[in-house]
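Inside the fold
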Amino acid sequence: MRDRLRRVDGGAVATHLLLSLGALVMVFPFLWQLLTALKTLPEAVHVPTTFLPERWNWASFKEVFTAMPYGEMLGNSVINTVGRTVGQLVFCSLAAYAFARMRFRGKNVLFALFLSVLLVPSSLLILPQYDIIQRLGLLNSPPALFLPGMFSAFGTFMLRQFFLALPRELEEAARIDGAGPFRIFWSIMLPLIRPALAALAVITAMWSWNDLLWPLVVNTDPAKMPISAGLTSLEGQFETNYPVMMAGSLIASLPMILLYLFLQRHFVQGIAQSGTKG
């Protein structure tokens, strides 16, 4: 019995050590980012590099707000992220409910066309999307950041899997009580897929917050750029102020870390269940 307990304890210790090593590997880039932000520029570019700063320099966190319109860029990132996330939650849930629960001619063919969008690289869509935004006169404006990203074929497919798993008896009971299609969707079906909505919200928010190529194309005015594109302006042709860049990147990553921690339980549950529905 003692030998068996020792084997179990040894396996548990080995498992925890392996998980701790993996956690350290994941956290190390953020730690290195923080330590670099606390160094001076000569110390940051010194070879060989040092792990800990000789003198803790907090001036980079203040300098990042004077090196570029950091507050305005953060606001643009918030507008971009909220616009895309809310748009995808609304449009993808409506489309997913229609594909999963409604019957209409050509539904399977139309859904196959929706899924075919996932096979197209997003970079190929930049030119037509840019042409549309230009014709609408929205270049260098906040709506230009999030309008093309308010719908997602992936989000539609993901939510459809959850809708397919819901029992049809719920809809039938609601129809007997006199509820219409939208009332059934809004009051009965949508609350039942909250884990999927939370997972889609986290994925969309992180993708929108970190998007770089599209904001650089449509918004060339620094005051209209999100923080992901604005940080690239800190990279000079001959010299880059790495402490300031790391300080700006660290501040920019905090909202997404807090969002994930807040929705972590729903996010993990939604991702785990999305592959088993339907």
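Coordinates for the structure precede this section.
Structural notes, computed from the coordinates. (Residues numbered from 1 in each chain as written. Predicted model: local features only at pLDDT ≥ 70, side-chain atom pairs only at ≥ 80, totals over all residues. Heavy atoms only, no water.)

Notes on the packing of aromatic side chains
Throughout the structure, instances matching the rule amount to 15 aromatic pairs. Ring centres 5.2 Å apart and planes at 55° place the aromatic pair Y97 and F185 in the tilted group. Highlighted residues: Y97 in helix 4 (residues 70-101) and F185 in helix 10 (residues 181-192), separated in sequence by 88 residues. Owing to a relative accessible area of 5%, Y97 belongs among the buried residues under this scheme. In this structure F185 comes out as buried when scored by relative accessible area, which is 4%. The interplanar angle of 10° and the centroid separation of 6.3 Å between the aromatic rings of F182 and W186 together place this pair among those described as stacked. Taken together, the residues span about one helical turn, with F182 and W186 both in helix 10 at a distance of four residues. The exposure class assigned to W186 is exposed, which follows from its relative accessible area of 52%. The ring of W32 carries K39 above its face, with NZ or CZ at 4.9 Å from the centroid. The ring of F111 carries R160 above its face, with NZ or CZ at 4.2 Å from the centroid. (Phe/Tyr/Trp six-rings, centres within 6.5 Å; stacked < 30°, edge-to-face > 60°. Helix = DSSP H or I, 4+ residues; strand = E, 2+ residues; numbered from the N terminus. Buried < 20%, exposed > 50% of the residue type's maximum accessible area, 1.4 Å probe, protein only. Lys NZ or Arg CZ within 6 Å of the ring centre and 35° of its normal.)

Points about the side chain of T85
Note that T85 resides in helix 4. Beyond its immediate sequence surroundings of up to four residues, T85 is in contact with A201, T204 and A205. (Contact = heavy atoms within 4.5 Å.)

Structural notes on the nonpolar core
Membership of the largest hydrophobic core comes to 19 residues, with the highest contact counts inside it found for F61, V64, M68, Y70, I227, L231 and L234. When residues of this core are traced back to their parent elements, those giving at least two are helix 3 (59-67), helix 4, helix 11 (194-210) and helix 14 (242-262). With seven residues, the top contributor of residues to this core is helix 14. With near-sequence residues (within four places) excluded, L231 lies in contact with M68, Y70, M245, G248 and S249. In terms of nonpolar packing, the next biggest core, distinct from the first, is built from 17 residues, Y97, F162, L190 and L200 among them. (Core = buried A, V, L, I, M, F, W, Y, C linked by side-chain atoms within 4.5 Å.)

Brief notes about the environment of L35
Note that L35 resides in helix 1 (residues 2-37). Owing to a relative accessible area of 6%, L35 belongs among the buried residues under this scheme. Between the C-alpha atom of L35 and that of W56, which follows or precedes it by 21 residues, the distance is 8.7 Å. With sequence-adjacent residues up to four places away left out, L35 is seen in contact with F51, L52, P53 and W56.

Some words on the pattern of salt bridges
Applying the stated rule across the entire model yields four salt bridges. Its salt-bridge partner being D211, residue R84 comes within 2.9 Å of it at the nearest N-O pair. Of the two residues, R84 sits in helix 4 while D211 sits in the loop between helix 11 and helix 12 (213-218), which places them 127 residues apart along the sequence. Of the two residues examined, R84 and D211, each falls in the buried class. (Salt bridge = Lys/Arg side-chain N within 4 Å of Asp/Glu carboxyl O.)

Comments concerning helix 8 (residues 153-165)
Between its terminal C-alpha atoms helix 8 stretches 19 Å, which fits the 18 Å expected from 13 residues at 1.5 Å a residue. Buried within helix 8 are the following residues: A153, G155, T156, M158, L159, R160, Q161, F162 and F163. Capping of helix 8 at its N-terminal end is provided by S152; its side-chain oxygen lies 3.3 Å from the backbone amide nitrogen of F154. (Expected span 1.5 Å × (residues − 1). Polar contact = N/O pair within 3.5 Å; in protein donor to acceptor, adjacent residues only side chain to side chain.)

Here we look at the environment of L139
Residue position: L139 is located in the loop between helix 6 (126-135) and helix 7 (143-146). In this structure L139 comes out as partly exposed when scored by relative accessible area, which is 28%. For the pair L139 and W209, spaced 70 residues apart in sequence, the C-alpha to C-alpha distance is 19 Å. Not counting residues up to four positions away in its chain, the partners in contact with L139 are Y130, I133, Q134, V218 and N219.

Taken by themselves, the reported measurements are silent on function.
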